[in-house]
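# Results of the structural survey
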Amino acid sequence: MAVKLSINRTTSAPVYVQLKEQIRLQVHRGELKPGDLMPTVRSLAVDLGINANTVSRVYRDLQTEGLLRLERGVGTFVEKAEHQPTLSPEDYGRIEKRARELVTLCSAAGFTRRELSELITGLWKEIQNEG
C-alpha cells in the first residue's frame, strides 16, 4: 500500500503535528488498514525531506496510542485500535461538508483560523468531559 503523506511548509503547524495527524486521519478514513506496512522511518524522512528523528517520534507516539505496531527488524504496521473506528466514506463526506460550511461561516464573520481552532478545542474538551 502506498501511503500518501505530504508536508506543507507554508503553514505554522509543526511538521511533527502534520505527519501525525495525516496518518491518524488515513487510519480513520480506512485508507490505512490494520496490517498495512508503513514506510520505513528513513524512506519516509527522505521522501518528505524531513529529519528521520521526527518520523521516528511520530511512529513511537502513534504506537503508544495504539494506531501503529512496531516490530524490530520487520517493520511498522497499522494496528487495529478498538477506540478509533474507521469512518465510512459517507460519514467522512458529511463531516467534511459540515466543516467546510463552518469554515465558510467563520471566515465571513471575520473569525481567524486561530480563533476557530480555539473554539473547537474548547468545545471538544467540554464534550469529552461531559461523556
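These numbers were taken from a predicted model, which means no experiment stands behind them.

### Focus on a nonpolar patch on the surface
On the surface, Phe111, Leu119, Leu123 and Ile127 cluster together to form a nonpolar patch covering roughly 350 Å² of accessible area. Among the structural elements, Phe111 can be located in the loop between helix 4 (89-109) and helix 5 (113-130). Residue Phe111 is classed as partly exposed on the basis of its relative accessible area, which comes to 38%.

### Digging into the nonpolar core
Core analysis: the biggest nonpolar cluster contains 20 residues, and Leu19, Ile23 and Met38 have the highest contact counts within it. Look past the residues within four positions of Leu19 in its chain and what remains in contact with it is Leu5, Leu44, Leu48, Ile50, Val55 and Val58.

### Things to note about the pattern of salt bridges
What the rule picks out here adds up to nine salt bridges. Of the charged contacts in the structure, one is a salt bridge between Glu96 and Arg100, with a shortest N-O distance of 3.9 Å. Taken as a pair, Glu96 and Arg100 lie in helix 4 at a separation of four residues, close to a single helical turn. Glu96 sits in the partly exposed class, given a relative accessible area of 37%. For Arg114, the salt bridge identified is with Glu118, shortest N-O distance 3.3 Å. With Arg114 and Glu118 both in helix 5 and four residues apart, this pair spans about one turn of that helix.

About the cut-offs
- Position numbers for residues count from 1 along each chain, tracking the sequence in the order it is written.
- This being a predicted model, a pLDDT of at least 70 is required before a residue's local features are given, and a value of 80 or more before pairs of side-chain atoms are given or counted; all residues contribute to the totals for chains, interfaces and linings.
- In computing side-chain values, all of the structure's heavy atoms are included and hydrogens and water are not.
- Residues qualify for a patch when their relative accessible area is over 30% and they have no salt bridge, like charges being joined within 9 Å and the nonpolar side chains of Val, Leu, Ile, Met, Phe, Trp and Tyr within 5 Å.
- For the area figures, the Shrake-Rupley method with a 1.4 Å probe applies, and any residue is considered shielded solely by the protein chains shown.
- A side-chain nitrogen of Lys or Arg and a carboxyl oxygen of Asp or Glu constitute a salt bridge if their distance falls within 4 Å.
- Where helices and strands are cited, they refer to DSSP runs of H or I of at least four residues and of E of at least two residues respectively, numbered from the N terminus.
- With a 1.4 Å probe rolled over the protein chains alone, any residue whose accessible area is under 20% of its type maximum counts as buried; one over 50% counts as exposed, and the rest are partly exposed.
- Put simply, buried Ala, Val, Leu, Ile, Met, Phe, Trp, Tyr and Cys residues joined by side-chain atoms within 4.5 Å make one nonpolar core.
- Any two residues whose heavy atoms approach within 4.5 Å at even a single point are treated as in contact.

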